[in-house]
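A look at the structure
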Amino acid sequence: MINIKRVGEIIARNRKELSMTQTQLGEVLKVSHQAVSKWERGECLPDIDILVQLSNIFNNTVDYFLTQEENDDHTTRTNILNNKDGIWKSVLEKIKDQISQPSFDRWFTSTTAIQIDNILIISGQDQFTTDWLYQRYSHMISKTIDEIRGASDLEVTFRFSKGIENTEP
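Residues numbered from 1 in each chain as written. Predicted model: local features only at pLDDT ≥ 70, side-chain atom pairs only at ≥ 80, totals over all residues. Heavy atoms only, no water.

1. As for the overall build of the protein
Along the backbone of the protein there are eight helices and three strands. Order of helices (α) and strands (β) in the protein, N terminus to C terminus: α-α-α-α-α-α-α-β-β-α-β. By residue count, 40% of the 169 residues in the protein fall in the buried class. Pairs at least 24 apart in sequence give 65% of the contacts found in the protein among residues at least 6 apart. Entry remark: accessible area of the protein is about 9,300 Å², with carbon and sulfur atoms responsible for 49%. (Helix = DSSP H or I, 4+ residues; strand = E, 2+ residues; numbered from the N terminus. Buried < 20%, exposed > 50% of the residue type's maximum accessible area, 1.4 Å probe, protein only. Contact = heavy atoms within 4.5 Å. Areas by Shrake-Rupley, 256 points an atom, 1.4 Å probe, with all protein chains shown as cover.)

2. A short note on unusual backbone geometry
Of note in this structure, Ser19 is not a glycine but carries a positive phi near 55°. Within the secondary structure, Ser19 is located in the loop between α1 (4-17) and α2 (22-29). Look at Ser19 and you get exposed, because its relative accessible area is 61%. The phi angle at Lys30 is positive, at roughly 60°, despite the residue not being glycine. Relative to the helices and strands, Lys30 is located in the loop between α2 and α3 (33-40). According to the relative accessible area criterion, Lys30 is exposed, its value standing at 73%.

3. A short note on the sheet that holds strand β1 (residues 112-116)
Across a sheet, strands are paired by hydrogen bonds formed along the backbone, either parallel or antiparallel in direction. Ordered in space as β1-β2-β3, the three strands form an open sheet in which the pairing is mixed. Looking at the sheet topology across the chains shown, the edges are occupied by β1 and β3 (155-158). Neighbour-to-neighbour, the strand axes of the sheet open up by a mean angle of 20°, direction not taken into account. Set on the sheet, helix α8 (residues 127-149) makes contact with β1, β2 (119-123) and β3; between it and β3 the angle comes to about 160°. (Pairing = 2+ DSSP bridges. Axes fitted to C-alpha atoms, helices over the stretch in contact; angles between N-to-C directions.)

4. Structural notes on the confidence of the model for the protein
A residue-level look at the protein finds 82% of positions with pLDDT of 70 or above and a mean pLDDT of 79. Element-level mean pLDDT values for the protein span from 78 in β1 up to 95 in α3. When the criterion is pLDDT under 50, residues 70-85 qualifies, and its contacts beyond four places in sequence or with other chains add up to 37 contacts. Contacts from residues 163-169, a stretch scored under 50 in pLDDT, to residues over four places away or in other chains number 23 contacts. (pLDDT = per-residue confidence, 0-100.)

5. Considerations on the nonpolar core
Ranked by size, the top nonpolar core spans 21 residues in total, and within it Ile11, Leu25, Leu29, Leu54, Ile57, Phe58 and Phe65 carry the most contacts. Broken down by secondary-structure element, the contributors of at least two residues to this core are α1, α2, α3, α4 (48-57), α5 (62-67) and β1. Broken down by element, the residue count for this core peaks at four residues, all from α4. Residues Val91, Ala113, Ile122 and Leu154 belong to the second largest nonpolar core, which totals 19 residues. (Core = buried A, V, L, I, M, F, W, Y, C linked by side-chain atoms within 4.5 Å.)

6. Focus on the packing of α2 against α3
Look at α2 against α3: their axes get within 8 Å of each other, and the N-to-C directions meet at 110°. As judged from the angle between their axes, α2 and α3 are roughly perpendicular. Together, Gln22, Thr23, Leu25, Gly26 and Leu29 of α2 and His33, Val36, Ser37, Trp39 and Glu40 of α3 make up the contact between the two elements. Classifying every residue of the contact of α2 with α3 by side-chain character gives four nonpolar, five polar and one charged. (Parallel < 35°, antiparallel > 145°, perpendicular 65-115°, else oblique. Nonpolar A, V, L, I, M, F, W, Y, C, P; charged D, E, K, R; others polar.)

7. Examining the packing of α2 against α4
The axes of two packed helices give the description: the angle between them and the distance between them. As a packed pair, α2 and α4 sit with axes 11 Å apart at the nearest point and diverge in direction by 115°. Put simply, α2 runs roughly perpendicular to α4. Between α2 and α4 lies a crossing whose hand is right-handed. From α2, Leu25, Val28 and Leu29 reach across to α4, where they touch Ile50, Gln53, Leu54 and Ile57. Its residues assigned to classes, the contact of α2 with α4 shows six nonpolar, one polar and no charged. (Left-handed = near helix turned anticlockwise from the far one by under 90°.)

What follows is the structure, given as structure tokens:
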């Protein structure tokens, strides 16, 4: 039997390990943060297509969410990249050499990038920064990704999510 409270705990734990807000996870899944909150509180289960997306985001299987035992060892499984790991770190290192230090500090220091499948979602520290990154630096970012990955099949998009850390009671 599926323990929906347990499923909610697993979703919440994985989301928090990736430093995502409920709003950010909801945007990636194209659902409201209220839906994410309901899952995490164990009020309902996500639809099967959402469970498949969650398994991709958290680099697990659907079975992991539905049959996870309380005493299982949990290791961080992530295919989400931030400014300290993976391709985004490499992109930042290359861009740092191409622009002035003050510009880099202002526009890139607080950025994050989330990779889900072949989509890289870049976010600045606020809406203005995210818009500026898109308008001023999107070509440079795309070119740098192509240089790092060779022929890039990675779609780059810019999105800011103010979000709230937690809507649990």
